[in-house]
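# Examining the three-dimensional arrangement
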Amino acid sequence: MTEQQPSTEPTAANAQVEGVKKALMFYRVMAYIVGVLLVLLVLVGMPLKYLSPDPYLQQIGAGMNTYLGVGHGWLYAVLLLSAYLLGRRVQWSWKWLLAIALAGTVPILSFVAERKATQNVKQHIAHLESAER
Amino acid sequence: MSSRSRTQALIWSIGLTVTLVMVALGLWQANAFQASGRDAMVTRLTGEPEPLQDHLDGEKGIQSAYGLPVEVTGEYTDEPDLLAGIGEPYRVVSALELADGQILPVVRGATQLEPIPPVPGEEVTLTGILLPTDPDEPAPAPTAGVAPGVGYTEDPSSLPTPGPHVQGGANPEDLTMIDNVRLPEMAQIWTRPMHAGYLTVDASLAAKNGLNPVIVPVPDTAEGQARNQGYALQWWVFAIVAMAATVKLSHDAGRGTGFMAPRTNAGTDNGPTEPKSSRTTEMEDQHDD
């Protein structure tokens with residue numbers, strides 16, 4: 001039998017690692033989008049609308065809240081989907097998904113959750129890749 | 001009951017509750033008052049005036065008259081006028097005493113801060129639109145809406161212009177200014193018992209008394225309605241997600257696999273479980289033999 005190069009051979013293992021990497025990328029992109037929207041909503045839009053003495057700034061705040069708020073709702077659903085697709089591939093427990101879902105509703109916490117999730121998945125990928133050799 | 005069945009029952013109870021709550025939230029959004037279309041509101045605002053007293057005598061009281069053209073009879077009190085607004089033109093609000101002794105705030109018209117026409121001394125009969133109270137957030141005077149007694153307009157310059165200036169009234173600097181016609185605030189200033197609503201007089205009446213006509217903004221627009229329906233849809237999508245999650249978790253719990261597996265990648269220092277790939281490779285090796 002010829003010597004096989006694990007990294008270029010299209011084995012099931014490589015496909016699996018690729019799948020995890022793609023799922024991780026999808027999740028990270030969604031986590032950042034949703035996280036930034038939430039920060040804009042809670043830390044910019046709301047204070048503008050409710051705390052600003054200037055009525056025109058208030059209207060800007062109200063407009064921001066309407067558009068960002070509606071977008072955030074839909075993108076949050078996609079974030080949950082991305083977390084599910086990732087969790088399925090790396091054998092996360094339901095507790096991880098719940099933690100990510102809840103953290104996605106708190107402004108800065110969503111970035112913390114993304115950090116932890118990414119570290120965890122990268123460890124998993126490293127294990128997968130070392131097990132092939 | 002096995003522990004797996006108990007877990008499944010727990011998953012279903014929580015899942016169904018969450019799903020039902022989300023469905024209810026969606027229904028609430030879809031049926032919010034704002035969902036009535038603009039045309040329906042305009043029709044209501046431009047009907048035939050009804051005597052306010054009929055509504056006051058009725059079961060629901062003044063609430064049944066909100067957003068309706070009404071006719072009232074009363075005498076203006078000696079309470080000083082208020083100027084309402086966050087910029088020109090300011091609405092002139094006067095206290096009209098009705099037959100029952102309570103005050104009805106009346107927006108007699110709007111002014112560009114010239115001397116305000118005095119209130120008529122004798123008993124008057126007014127027609128105009130009755131509103132509950134302005135929203136908390138003050139807004140600039142609307143340029144589109146319903147002019148009482150005229151109809152929906154987007155062109156304020158088409159409304160009757162103020163007639164000859166009536167002398168003898170107060171100077172604007174002497175009057176109290178408020179951001180908005182908010183009844184709770186005005187009740188503190190005027191102190192007399194007040195009805196839970198205020199009248200904006202007909203455009204022609206305002207003009208006859210030397211003031212600019214006031215446009216009543218139509219309470220909610222199609223944009224607001226679309227937004228509420230958008231929120232309703234979001235809640236229902238989340239409800240579907242909640243049901244799907246319940247089914248999936250219950251399925252996993254029943255078999256002890258997937259997201260409910262007893263020992264899974266929980267992100268501890270122990271690291272992930274043995275990856276599937278190595279097991280697959282072992283099986284392939286066995287088949288090769």
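Computed from a predicted model, the values in this text were never measured in an experiment.

### Describing the interface of chain B and chain A
- Between chain B and chain A, the residue contacts involve 24 residues of the former and 28 residues of the latter.
- Here chain B and chain A share an interface that buries about 2400 Å² over both sides, 65% of which is from carbon and sulfur atoms.
- Linking chain B to chain A there are zero salt bridges.
- Taken together, the connections running from chain B to chain A amount to one residue pair in polar contact (both at pLDDT 80 or more).
- Residue assignment for the side of chain B that touches chain A shows that the elements contributing at least two residues are helix H6 (222–255) and helix H7 (276–288) of chain B.
- Broken down by element, the residue count for the side of chain B that touches chain A peaks at nine residues, all from H6 of chain B.
- Grouping the constituent residues of the side of chain B that touches chain A by class yields 12 nonpolar, eight polar and four charged.

### Concerning the packing of aromatic side chains
- By the definition in use, this model includes four aromatic pairs over all chains.
- With 5.8 Å between their ring centres and 50° between their planes, Tyr76 of chain A and Phe238 of chain B make a pair best called tilted. Here Tyr76 of chain A is found in helix H2 (residues 55–89), whereas its partner Phe238 of chain B is found in helix H6 on a different chain. Taken individually, Tyr76 of chain A and Phe238 of chain B each receive the classification buried, so the pair is uniform in this respect.

### Description of the pairing of strand S4 (residues 90–97) of chain B
All names here are of chain B.
- Of all eight residues in S4, seven are buried; the element is thus mostly enclosed.
- As defined by bridge partners, strand S2 (residues 69–76) adjoins S4 across two bridges and the pair is classed as antiparallel. For Tyr76, the partnering residue across the bridge sits in S4 and is Leu96.
- Across three bridges, the pairing between strand S3 (residues 82–84) and S4 is antiparallel. Each bridged residue has a counterpart across the sheet, and for Leu82 the counterpart in S4 is Val93.
- The antiparallel pairing of S3 with S4 creates a hairpin that spans five residues between the two strands, and Gly85 there sits at a positive phi of about 150°.

### Focus on the packing of H2 of chain A against helix H3 (residues 94–103) of chain A
All names here are of chain A.
- Running from N to C, H2 and H3 cross one another at 160°; their axes reach a closest spacing of 10 Å. Taken as axis vectors, H2 and H3 run roughly antiparallel relative to one another. With respect to the hand of their crossing, H2 and H3 are arranged in right-handed fashion. On H3, the residues that touch Tyr76, Leu80, Ala83 and Tyr84 of H2 are Leu97, Ile100, Ala101 and Leu102.
- Residues of the contact of H2 with H3, tallied by class, amount to eight nonpolar, no polar and no charged.

Basis of the calculations
- Residues numbered from 1 in each chain as written.
- Chains lettered and ligands numbered in written order.
- Predicted model: local features only at pLDDT ≥ 70, side-chain atom pairs only at ≥ 80, totals over all residues.
- Heavy atoms only, no water.
- Contact = heavy atoms within 4.5 Å.
- Buried area = accessible area lost by both parts, 1.4 Å probe.
- Salt bridge = Lys/Arg side-chain N within 4 Å of Asp/Glu carboxyl O.
- Polar contact = N/O pair within 3.5 Å; in protein donor to acceptor, adjacent residues only side chain to side chain.
- Helix = DSSP H or I, 4+ residues; strand = E, 2+ residues; numbered from the N terminus.
- Nonpolar A, V, L, I, M, F, W, Y, C, P; charged D, E, K, R; others polar.
- Phe/Tyr/Trp six-rings, centres within 6.5 Å; stacked < 30°, edge-to-face > 60°.
- Buried < 20%, exposed > 50% of the residue type's maximum accessible area, 1.4 Å probe, protein only.
- Pairing = 2+ DSSP bridges.
- Axes fitted to C-alpha atoms, helices over the stretch in contact; angles between N-to-C directions.
- Parallel < 35°, antiparallel > 145°, perpendicular 65-115°, else oblique.
- Left-handed = near helix turned anticlockwise from the far one by under 90°.

In short, the description is geometric, and any link to function would need to be established separately.
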